[in-house]
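# Fold and geometry: a report
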Amino acid sequence: MVKLKSNDDKEFEVEEAAVIQSEMIKNMIEDGCATSVIPLPNIDSKTLIKVIEYLNKHINMGKAAETGEEDDLKEFDEQFVNMGWEELFDVIMAANYLNIHELMELCCQSAADRLKNKSVRAVREMLKITNDLTEEEEQEIINDAPWAFEGPEIDDTVN
Amino acid sequence: MSSFLSLVATPLSDSIIPDEIIIEILLRLPTKLLSRFMCVSKPWHKLISSPDFIKTHLKLISNDKEYSHHRVLLTGIGGNFNFCSFPPLFNEEQCTELFPINSPIQKSYLLSRAVGSVDGLICLFNQPREIIIWNPTISKSKELHNFRKDILSFDERYGFGYDKSNDEYKVVFVDYCSSTDDEFSPSNMRTVVSIYSSRTDSLRTVHDQLQHIYLVNDSGKFVNKKIYWVSSTEFNDHNARSIISFDVADETWESMELPFSGEDDSYFELGVMESNLALLYTSHLHATTSNLWILKHCGVDVSWTKLFNIKYPRNAGGQTPFTAVAPPVFKGEGYHVWDERMEAHIEANDPWEALEEDYEVPPLPINPTMAQMKNQKEKKTRREKARATLFATVSSGIFVRIMTVKLTF
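Residues numbered from 1 in each chain as written. Chains lettered and ligands numbered in written order. Predicted model: local features only at pLDDT ≥ 70, side-chain atom pairs only at ≥ 80, totals over all residues. Heavy atoms only, no water.

## Considering the overall build of chain A
Secondary structure summary: chain A contains nine helices and three strands in total. Moving toward the C terminus, one meets the helices and strands of chain A in the order β-β-α-α-β-α-α-α-α-α-α-α. Relative to its length of 159 residues, chain A is extended, with a C-alpha radius of gyration of 20 Å against a globular reference of 15 Å. The principal-axis extents of the C-alpha atoms in chain A amount to approximately 60 × 40 × 25 Å. Here chain A holds 159 residues, and 39% of them are scored as buried. Residue pairs in contact within chain A that sit at least 24 positions apart in sequence constitute 63% of those at least 6 positions apart. (Helix = DSSP H or I, 4+ residues; strand = E, 2+ residues; numbered from the N terminus. Rg over C-alpha atoms; globule rule 2.2 N^0.38 Å. Buried < 20%, exposed > 50% of the residue type's maximum accessible area, 1.4 Å probe, protein only. Contact = heavy atoms within 4.5 Å.)

Structure representation (structure tokens):
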């Protein structure tokens, strides 16, 4: 078992087979730096619980293909990313820090899916971006590809 | 990714989210969205317009195993083109809808042809002179003015390819003209080769190449840096004798043997399977079987391998399903443009499969669904034909699926 500590000082025990899906921790273990508790100063306990849930479920990923559990995993993944926008980014940041490739893929895809059909205004708000384009510059971009700004499906909501 | 991360001098977001994560997410968006999101801020505009980002995005989308961004383009008369989604064509149960698309061809009296397609760019040929490189995903196009300008062509062959080493697209036309002021005849035939290069935006005309070589198929198939045609030795002799390739990078021609010499009046059709040249052999017009071969590269050696036979159903309507010219394939899509204002690229995004429509589609309602088309009398023939045509072009992952659905061995 490997012990992980969140930035709010909560400790979690995770099976080594699960936790080595994180390249970062795998390297630490290989280098013999994981003898006691591994502190994760960038990750809070709420996010760490989600990440561990994912790691435990995906522990036998390789086997899933053989045993026909792929559909089960797919369903789990779909449910897993069903979380708030902020929360999703917390998990992405954690997955990025821990270097868990598959989790990163899954969450970035979910984030991309949520941006689909969004208006420019909504994206700015969702990702906290200040618009530094002048009105003329903006109009120029729109004129260059008017079709990209048309369509009944454009979604202006922020969620 | 790190190669273009340095481009972003100003952070992409005011939040703590690192740029690399935002880039990861943006790379997963379709082109239409990326075009829209150029408007988000200056750093976003710079990132999305950067050639490196565009290339990475193209690569990701081209490698999509589900082919969800691929499209089949049906060229038509009068510049009226339609497209449909790619994956449903391989699913018996699913219907696919045809959508009209605005093409850059304004005026046309003849069938517009696809010279070829690479990375989502389509080269169109609108007889007699108009040649356009078109990116349907972002609705941008460039006409090649003065290309073949003074050539009085009796007949022409063409191809479209990409040279990765120089990052340039090339259009090649082979025109058969009269060498004298007299009317064209096979005895006074002269061949003129015209080449357009996108990188230098330049045209080149070469005479005296391809002597005693006649290219049989109109549109060459681009695969692995080369454009291939089936060839014969005399004008209007459609019996294939060999295969001729044009190297897109160094602009040289090469000849190659067929796996076997076919019977007279047989058909050799070229296509692309993954990164291999494919050859579909049909012994005669009413044959019920075609054989599919692929050209395998092993170091410097090349060899033909017979992959499988395609059996056509008996009720194919008394017409060989595979008389079509195999359509050019292109997986991937690009948004390269020649818009100088936007720093030389276009990007488009959804990969397209250009499919030459060589059969007459009977009148159908606007936006016919495949279901409606199914009810048409000749549905079987057409579908089989379309399927056979597609066989020659799609990659093996899909092949396996089609075979299990449809083919008998």
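## Notes on the overall build of chain B
When you go through chain B residue by residue, the secondary structure sums to eight helices and 21 strands. Across the 409 residues that make up chain B, the buried fraction comes to 58%. When contacts within chain B are restricted to residue pairs at least 6 apart in sequence, long-range pairs at least 24 apart make up 52% of them.

## Comments concerning the sheet that holds strand β4 (residues 113-118) of chain B
All names here are of chain B. With antiparallel pairing, four strands are arranged side by side in an open sheet as β4-β5-β6-β7. The outermost strands of the open sheet, each flanked by one partner alone, are β4 and β7 (140-143). Ignoring strand direction, the axes of neighbouring strands in this sheet form an average angle of 20°. Summarising the sheet, strand β6 (residues 130-135) and β7 pair through four bridges and their orientation is antiparallel. Across the sheet, residue isoleucine 133 finds its bridge partner in β7, namely lysine 142. (Pairing = 2+ DSSP bridges. Axes fitted to C-alpha atoms, helices over the stretch in contact; angles between N-to-C directions.)

## Comments concerning the nonpolar core
Counting 62 residues, the largest nonpolar core has Leu4, Phe80, Ile92 and Leu103 of chain A together with Phe37 and Trp44 of chain B as its most contacted members. In this structure phenylalanine 37 of chain B touches Leu115, Lys118, Ser119 and Val123 of chain A together with Leu26, Leu29, Trp44 and Ile48 of chain B, once residues within four positions along its chain are discounted. Core analysis: the next-biggest nonpolar cluster, separate from the first, contains 34 residues, Leu144, Val193, Trp229 and Phe246 of chain B among them. (Core = buried A, V, L, I, M, F, W, Y, C linked by side-chain atoms within 4.5 Å.)

## Quick notes on unusual backbone geometry
Residues and elements named next belong to chain B. At serine 139, a position not held by glycine, the phi torsion is positive, near 55°. Positive phi values are uncommon outside glycine, yet aspartate 265 reaches one of about 60°. Considering the arrangement of structural elements, one finds aspartate 265 in the loop between β16 (253-257) and β17 (267-273). On the basis of relative accessible area, aspartate 265 is assigned to the exposed category, the value being 57%.

## Remarks on the packing of helix α6 (residues 85-98) of chain A against helix α2 (residues 19-26) of chain B
One can describe the packing of α6 of chain A onto α2 of chain B by two numbers: an axis separation of 11 Å at closest approach and a directional angle of 110°. Relative to α2 of chain B, α6 of chain A is oriented roughly perpendicular. Here Phe89, Ile92, Met93 and Asn96 of chain A of α6 of chain A lie close against α2 of chain B, whose contacting residues are Glu20, Ile21 and Ile25 of chain B. A class-by-class count of the residues in the contact of α6 of chain A with α2 of chain B yields five nonpolar, one polar and one charged. (Parallel < 35°, antiparallel > 145°, perpendicular 65-115°, else oblique. Nonpolar A, V, L, I, M, F, W, Y, C, P; charged D, E, K, R; others polar.)

## Thoughts on a negative patch on the surface
Taken together, the side chains of Glu70, Asp71, Glu75 and Glu78 of chain A make up a negatively charged region of the molecular surface. Mapping glutamate 70 of chain A onto the fold places it in helix α5 (residues 70-80). (Patch = residues over 30% accessible without salt bridge, like charges linked within 9 Å, V, L, I, M, F, W, Y side chains within 5 Å. Areas by Shrake-Rupley, 256 points an atom, 1.4 Å probe, with all protein chains shown as cover. Salt bridge = Lys/Arg side-chain N within 4 Å of Asp/Glu carboxyl O. Lys, Arg positive; Asp, Glu negative; His and termini not counted. Charge placed at Lys NZ, Arg CZ, Asp CG, Glu CD.)

## A few points about the packing of helix α3 (residues 45-57) of chain A against α5 of chain A
Residues and elements named next belong to chain A. The contact between α3 and α5 brings their axes to 11 Å, and the two run at 175°. If you check the angle between α3 and α5, you find them roughly antiparallel. Here Lys50, Glu53, Tyr54 and Lys57 of α3 come into contact with α5, specifically with Asp72, Leu73, Phe76, Asp77 and Phe80. When its residues are assigned to classes, the contact of α3 with α5 shows four nonpolar, no polar and five charged.

## Concerning the pairing of β4 of chain B
Residues and elements named next belong to chain B. Extensive coverage of β4 is indicated by the burial of five of its six residues. The pairing of β4 with strand β5 (residues 121-126) spans five bridges and is classified as antiparallel. Looking at the pairing, valine 118 lines up with leucine 121 of β5.

## Thoughts on α2 of chain B
Judged by how many residues are buried, α2 of chain B sits mostly within the fold: six of eight residues are covered. Those residues of α2 of chain B lying buried are Asp19, Ile21, Ile22, Ile23, Ile25 and Leu26 of chain B.

## Examining the environment of valine 171 of chain B
Residues and elements named next belong to chain B. Here valine 171 shows up in strand β9 (residues 168-178). Among the residues examined, valine 171 registers a relative accessible area of 0% and is labelled buried. In this structure, the C-alpha to C-alpha distance between valine 171 and serine 187, residues 16 residues apart in sequence, is 28 Å. For valine 171, the contacting residues outside a window of four places in its chain are Val115, Cys123, Ile131, Ile133, Leu144, Phe147, Gly159, Phe160, Ser194, Ile195 and Tyr196.

## Points about α6 of chain A
With 14 residues, α6 of chain A extends 20 Å between its outermost C-alpha atoms, agreeing within 8% with the 20 Å of an ideal straight helix rising 1.5 Å per residue. Along α6 of chain A, the residues classified as buried are Trp85, Leu88, Phe89, Val91, Ile92, Ala94, Ala95 and Leu98 of chain A. The secondary structure elements touched by the buried residues of α6 of chain A are α2 (23-30), α3, α5, α7 (101-115) and α8 (120-126) of chain A together with α2 of chain B. Among the residues trailing α6 of chain A, asparagine 99 of chain A stands out with phi positive, at a value near 60°. (Expected span 1.5 Å × (residues − 1).)

## Thoughts on the layout of surface pockets
Empty space within the second largest pocket amounts to approximately 940 Å³. Glu105, Leu106 and Gln109 of chain A together with Arg28 and Asp64 of chain B are, among the 25 residues lining the second largest pocket, the residues nearest its centre. Elements with a minimum of two residues in the lining of the second largest pocket: α5 and α7 of chain A together with α5 (51-62) of chain B. No other element matches α7 of chain A, which puts six residues into the lining of the second largest pocket. Taken together, the residues that form the lining of the second largest pocket break down as eight nonpolar, five polar and twelve charged. (1 Å grid on protein atoms, 1.4 Å probe; cavity = no way out; pocket = protein on both sides within 12 Å on 5 of 7 lines; lining within 4 Å. Points joined across faces, edges and corners; volume = space filled by probe spheres on them.)

## Structural notes on the UniProt feature "domain: F-box" (unreviewed entry) in chain B
The feature "domain: F-box" (unreviewed entry), as given by UniProt, occupies residues 11-57 of chain B in the numbering adopted here. Within the segment residues 11-57 of chain B, helix and strand shares are 64% and 0% respectively, and the terminal C-alpha atoms sit 20 Å apart. (UniProt positions renumbered as here; feature names shortened; annotations may be inferred.)

## Things to note about the UniProt feature "domain: SKP1 component POZ" (unreviewed entry) in chain A
Taking the UniProt record as the reference, the feature "domain: SKP1 component POZ" (unreviewed entry) is found at residues 1-59 of chain A. Across residues 1-59 of chain A, the secondary structure splits into 42% helix and 17% strand, with the terminal C-alpha atoms separated by 14 Å.

## Let's talk about the UniProt feature "domain: SKP1 component dimerisation" (unreviewed entry) in chain A
Feature annotation in UniProt assigns "domain: SKP1 component dimerisation" (unreviewed entry) to the following positions: residues 102-148 of chain A. Measuring from the first to the last C-alpha atom of residues 102-148 of chain A gives 31 Å, for a span that is 66% helix and 0% strand.

## Some thoughts on the pattern of salt bridges
For the structure on display, the rule yields 26 salt bridges over all chains. For glutamate 86 of chain A, the salt bridge is made with lysine 128 of chain A, and the minimal N-O distance between the two is 3.6 Å. With a gap of 42 residues between them, glutamate 86 of chain A in helix α6 and lysine 128 of chain A in the loop between α8 and α9 (135-144) connect regions that are remote in the sequence. One continuous salt-bridge network, built from bridges that share partners, spans Glu168, Lys170, Arg199, Arg204 and Glu251 of chain B.

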